[in-house]
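Coordinate inspection notes
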Amino acid sequence: MRAVPHQLSLSLIPLALFACAFATGILATRLISLDPPTSLSLAGSVTVIALGALWKNYLRLAAFAILTSVVLLGMALMYLEEQRVPPHRVKRLLADAVIQPGEPIEVTGSVERPPEVGPGLLYLDLKTEEIRLRDSIRRASGVVRLSFPITEAKAMEYEILELRYGARLRVMTTLERADKYRNPGVSSFTEYLDRKGYDASAFVKSPLLIQRLDDRKVFLPLAWLYEWRQVVHDRIHRTFSPETAGVLAASMLGNRHSLSRSSAERFREGGTFHALVISGLHISVIGGVVMFLVRRFTRDPKWQFVLSTTVLWSYTLAVGAEVSVLRAAFMFSILAFGPVVSRRGLSVNTLGAAALLQLAYQPSQLFDPSFQLTFLAVGAIVVIALPLLERMDAIGSWRPTRQTPAPPAVASWLRELSEILFWNERDWQKDLAQSTYHCRLFKSPLTLKLGNYRLQALLRYTFAGVIVSVSVQLALVPLFIIHFHRLSVVSIILNIAVSVLMAALSVVALLALIVSLVSTSGAAVFVAAANGLNWLMLHSVDPFVNLGISSLRLPEYSNWFASLYFVYYIPLVILAVRLGRWNPLDEKHARWRLLVLAQMALLALLVAHPWSKPRVDGLLQVAFLDVGQGDAALLAMPDGTLLLIDAGGRPEFNRNDDEEEPFERDSRSVGEAVVSEYLWYRGFDSVDYLLATHADADHMDGLNDIARNFNVRAGLVGRTPTADAGYAKFAATMHDHEVPIVVLGASDLLRFGGVTIEVLWPPLSERDDATSRNNDSLVLLIRFGERALLMTGDIEAGTEARLVQRGPLRTDVVKVAHHGSRTSSTEAFIAAVQAKWAIISVGQTSIFEHPHPVVVERWKAAGAAVMTTGRSGTITVVTDGRDLKVESFVR
């Protein structure tokens, strides 16, 4: 006989409540400013009140006081973490300008973990001991992430250095910590380093800049684990195809450096990227298998706990102990410890305990997207998916008993579905044969058919997978939008398929590795099977991509409508609580319709985002984005029309188009990571027009990402150099997304809500293969009322001279040509423009030494205020046609 489903009580999950209260305290630090002593003293005072309430048996007051004390403790620990950065920490030395960006520095330290190798690069973490700066040596602490270029010629030099765990090195390099692209809504490089535990990053050009010292003492078992991981990593890459090896190294060893961009993007498109991240699923499977094997040898709970957790934590440490892995290892350890003390822990309580431990150690983890995603996903499974399946099991398996004489009081469709999934006719007939009474139960006819064909179990497991996937997706929608601006509409299906394929791939790959130790030819079948499974898994999303239904790219609410992200969880939490307390076998009929409708309405508001765009205010706004070495400017017209002029990109030097396509590592492009992020932050899901000034990659390449991520009406160009690889890529992207390309030429006029844009250059060309170089850049004169802006692309002195001869160029704001290069901005051109503001689009540092000091002084001498995006971040020009205001993101 099936047990009646338990009803959840808040008194049974104190650790979950403590974790929520502790997290509330951490969040409160963003709104309330209290120093740690004050927070701790308040927490102590409230604790005394709680003890007094317990003494007087005022239980509700005691519970409230205890939770308040935990909130204050969370605030105190968060403040302590923010303030306990010692003066000798590397990030503190950089923040205090003791170490200047780009300044040569000698760093001495030890290798924290063994190096990780990716195509063309080697990475290692150096735990610093001291630095030599300007002929002085000072103590330093913290971890620096080093990367080295590695080729076949240099591989031997690195082997000679023996860069193993514990090796002490002295490295000559420069440290980086500053954000490379500073724009509203764009991910911060500094925050990324802090989340990963790095004080700075550094690029070491040659092994000649590394001096090998002695070795520090290390924990030998950990060193053995690292050696084992490296051996497995090398064997994986020797055995399987590059694509399969990259996936296996990521999913089994936590090394994603060999994962190609195309492979990773397919997982993202299908909403299954979590399958590549070592997470709770991996740990649960490994822990379950180990526990199963241990139970074959001993029935002592203590030995079961010790042996299983030892193996599990060894694997956790070997693969890097990231947040999701730690969370799963903590949860498994707590659950495994339950039988030792004769206790059975609730999953909700166990999850709360894991969260509390991690947040107490490092409160700032709460703001880490990985932490948020992993805990919220597991929480959705624990409080929504599993209780729902448990209730459906009780409904479908119902049979008359003294405790439950009446059928479940649920809707007929729910009863029938539950019976199809969970009713077991054979068990019922066995029980009936052994009983002293006889009766007939009318269950769904489909149940018997599925049971006869042995399909019921398969259908049940598939349904459970769908419920888990839907629960997780529903809980993570706000985070998917805020952090990734992506919502996969096929992940509910693909999550199940990819999970099965990933499990099969892992098993087959392990068999291939084991057999290869004995016979390479004998392992060939398993290797071929693993490569085939990997191909099938990678390309499972392709049909949906081809149909254009794989995923949605969504903007976020960044105004006060952002509160919808918090409101979204109110009905979801109420649903989870009511689900936990619901007993479908009693006579009460639960009412869910209003809550479900409210949840669906809020989901629609997040997906449709009707209020995300800023309102049309009749102003012309021009935002010059910080895209490093490149150009990007967004024009928001008075009538709401959007025109994006260029979108940055990373230029490729000395690239031969006939060469084989090199490995493209999984890194985000400027168009995706900077320009798209800025547009989504502004609440836009469409850009009316994309304008490429010319075909250089640092201007045009990012437009490909915008065309993929946003709805675009048309692309505007001055030339169509079909033989140019960059333009050919742009034209192909426009064609794939059915965006027409319009060619502009001198004297063309564009009008948008009172704004007139005159094309000054280049002359219209009838040739399809006309060049699109610097001097062929589109030059635009933008007028709105009494104000004017001049956009110059990368024109040089020759074109500037022609424009001066052509006619008046007087303007208020000029986008300085060619990033402030000395090949542009002639004295005659500057005199003709007479700009009050000269804006230079350039990175904080430039390999071309842009802007040239002579050019900057030339503009200043003419009376212009010179601003650079590298120094000021996003520079925004706003005008109503009379008044004009210039603002910068970095103040």
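Residues numbered from 1 in each chain as written. Predicted model: local features only at pLDDT ≥ 70, side-chain atom pairs only at ≥ 80, totals over all residues. Heavy atoms only, no water.

This part is about the nonpolar core. One finds Leu644, Val675, Leu679, Val687, Leu690 and Ile706 to be the most contacted residues of the largest nonpolar core, which totals 34 residues. Sorting the residues of this core by element identifies strand 13 (632-636), strand 14 (642-647), helix 25 (670-681), strand 15 (686-692), helix 26 (697-709), strand 16 (711-717) and helix 27 (725-736) as the ones contributing at least two each. For this core, the element with the most residues is helix 25, which contributes 7 residues. Here Leu690 is in contact with Leu644, Leu703, Ile706, Ala707, Val712, Ala714, Gly715, Leu716 and Met734, once residues within four sequence places are set aside. (Core = buried A, V, L, I, M, F, W, Y, C linked by side-chain atoms within 4.5 Å. Buried < 20%, exposed > 50% of the residue type's maximum accessible area, 1.4 Å probe, protein only. Helix = DSSP H or I, 4+ residues; strand = E, 2+ residues; numbered from the N terminus. Contact = heavy atoms within 4.5 Å.)

For the rest of this paragraph, the subject is empty space enclosed by the protein. A complete count under the given rule lists 5 cavities of 30 Å³ or more for this structure. One number sums up the size of the largest cavity: a volume of about 80 Å³. What lines the largest cavity is Phe624, Asp631, Ala632, Ala633, Ile645, Asp646, Thr693, Met791, Thr792, Gly793, Lys815 and Ser841. Going through the elements one at a time, strand 13 and strand 14 are the ones with two or more residues in the lining of the largest cavity. Along the lines of polarity and charge, the residues of the lining of the largest cavity split into 5 nonpolar, 4 polar and 3 charged. (1 Å grid on protein atoms, 1.4 Å probe; cavity = no way out; pocket = protein on both sides within 12 Å on 5 of 7 lines; lining within 4 Å. Points joined across faces, edges and corners; volume = space filled by probe spheres on them. Nonpolar A, V, L, I, M, F, W, Y, C, P; charged D, E, K, R; others polar.)

What follows is about the packing of helix 14 (residues 369-396) against helix 23 (residues 569-581). Contact geometry of helix 14 with helix 23 gives a least axis separation of 9 Å together with a crossing angle of 40 degrees. With respect to helix 23, the axis of helix 14 lies oblique. The hand of the helix 14/helix 23 crossing is left-handed. Along its contact with helix 14, which presents Leu376, Val383, Ile384, Pro387, Leu388 and Arg391, the element helix 23 presents Tyr569, Leu572, Ala576, Leu579, Gly580 and Arg581. Residues that form the contact of helix 14 with helix 23 fall into these classes: 9 nonpolar, 1 polar and 2 charged. (Axes fitted to C-alpha atoms, helices over the stretch in contact; angles between N-to-C directions. Parallel < 35°, antiparallel > 145°, perpendicular 65-115°, else oblique. Left-handed = near helix turned anticlockwise from the far one by under 90°.)

The next thing to look at is the sheet that holds strand 17 (residues 741-743). The strand order across the open sheet formed by 8 strands is 17-16-15-14-13-12-25-26, and the pairing between neighbours is mixed. In the strand order of this sheet, the two ends are held by strand 17 and strand 26 (884-888), each with one partner. Taken over all neighbouring pairs, the strand axes of this sheet differ in orientation by 20 degrees on average, direction set aside. With 4 bridges connecting them, strand 12 (residues 620-624) and strand 13 associate as antiparallel partners. Opposite Ala623, over in strand 13, you have Leu634 as the bridge partner. Relative to the sheet, helix 25 contacts strand 12, strand 13, strand 14 and strand 15, its axis offset from that of strand 14 by approximately 155 degrees. Packed onto the sheet, helix 26 meets strand 14, strand 15 and strand 16 and runs at close to 130 degrees relative to strand 14. (Pairing = 2+ DSSP bridges.)

If you trace the backbone, Arg615 turns up in the loop between helix 24 (593-608) and strand 12. Residue classification places Arg615 among the exposed residues on the basis of a relative accessible area of 70%. Sequence spacing of Arg615 and Gly640 is 25 residues, and the spatial spacing of their C-alpha atoms is 8.0 Å.

Turning our eyes to something else, we now look at the packing of aromatic side chains. Using the criterion set out here, one finds 14 aromatic pairs in the structure. Measuring from ring centre to ring centre gives 4.4 Å for Phe371 and Phe375, while their planes differ by 35 degrees; the resulting arrangement is tilted. Remark: Phe375 and Phe371 occur in helix 14; sequence separation between them is 4 residues, near one turn of the helix. For the pair Phe371 and Phe375, one class covers both residues: buried. Measuring from ring centre to ring centre gives 5.4 Å for Trp582 and Trp592, while their planes differ by 75 degrees; the resulting arrangement is edge-to-face. Within this pair, whereas Trp582 is found in the loop between helix 23 and helix 24, its partner Trp592 is found in the loop between helix 23 and helix 24, the two being separated by 10 residues in sequence. The buried category is assigned to Trp582, whose relative accessible area is 10%. (Phe/Tyr/Trp six-rings, centres within 6.5 Å; stacked < 30°, edge-to-face > 60°.)

Before going further, it helps to spend a moment on the packing of helix 23 against helix 24. Running from N to C, helix 23 and helix 24 cross one another at 145 degrees; their axes reach a closest spacing of 9 Å. The two elements helix 23 and helix 24 meet at a crossing, and its hand is left-handed. Across the interface between the two elements, Pro571, Leu572, Ile574, Leu575 and Arg578 of helix 23 pack against Leu595, Val596, Ala598, Gln599 and Leu602 of helix 24. The residue inventory of the contact of helix 23 with helix 24, partitioned by class, reads 8 nonpolar, 1 polar and 1 charged.

A separate point is the environment of Pro363. With respect to the helices and strands, Pro363 occurs in the loop between helix 13 (347-361) and helix 14. Sequence-distant contacts of Pro363, that is, excluding residues within four places in its chain, are made with Ile26, Leu77, Met78 and Glu81.

All right, on to the sheet that holds strand 19 (residues 755-761) then. Spatial ordering of the open sheet is given by 18-19-20-21-22-23-24, a layout of 7 strands whose pairing is mixed. One side of each edge strand has no neighbouring strand; the edge strands of this open sheet are strand 18 (749-752) and strand 24 (865-868). Adjacent strand axes in the sheet meet at a mean angle of 20 degrees when their direction is disregarded. Note: strand 21 (residues 787-791) against strand 22 (residues 813-815), 3 bridges, orientation parallel. Across the sheet, the residue bridging to Leu789 is Val813, located in strand 22. On the sheet, helix 28 (residues 797-806) packs against strand 19 and strand 20 (779-784) and is oriented at approximately 120 degrees with respect to strand 19. On top of the sheet, helix 30 (residues 853-861) reaches strand 22, strand 23 (837-840) and strand 24; it is set at about 140 degrees to strand 24, its chief contact.

Between Trp761 and the following residue, Pro762, the backbone shows a cis peptide bond with an omega angle of 0 degrees. With respect to the helices and strands, Pro762 occurs in the loop between strand 19 and strand 20. Positive phi, normally seen in glycine, also occurs at Glu162, with a value near 50 degrees. The class of Glu162 is partly exposed, set by a relative accessible area of 40%. A positive phi angle, close to 55 degrees, is found at Glu738, a residue other than glycine. With respect to the helices, strands and loops of the structure, Glu738 is situated in the loop between helix 27 and strand 17.

A separate point is the pairing of strand 24. The pairing of strand 23 with strand 24 spans 4 bridges and is classified as parallel. In the sheet register, Trp837 faces strand 24, and the bridge partner there is Ala865. The handedness of the strand 23 to strand 24 crossover, carried by helix 30, is right-handed. (Right-handed = clockwise from strand over helix to strand, strands pointing away.)

Taken as a whole and judged by the stated rule, the model has 41 salt bridges. Here Asp812 makes a salt bridge to Arg787, at a shortest N to O gap of 3.0 Å. Of this pair, Asp812 sits in the loop between helix 28 and strand 22 while Arg787 sits in strand 21; the two residues are 25 residues apart in sequence, bridging distant segments of the chain. In the salt-bridge network here, residues are joined through shared partners; they are Arg113, Glu116, Asp125, Arg145 and Arg229. (Salt bridge = Lys/Arg side-chain N within 4 Å of Asp/Glu carboxyl O.)

Moving on to helix 8 (residues 242-253). A rise of 1.5 Å per residue sets the reference length of helix 8, with its 12 residues, at 16 Å; its end C-alpha atoms lie 15 Å apart and thus fit the reference within 8%. Counting buried positions along helix 8 gives 10 out of 12 residues, so the element sits mostly inside the fold. For helix 8, every residue scored as buried is listed here: Thr244, Ala245, Gly246, Val247, Leu248, Ala249, Ala250, Ser251, Met252 and Leu253. Remark: Gly254 follows helix 8 within two positions and exhibits a positive phi of approximately 80 degrees. (Expected span 1.5 Å × (residues − 1).)

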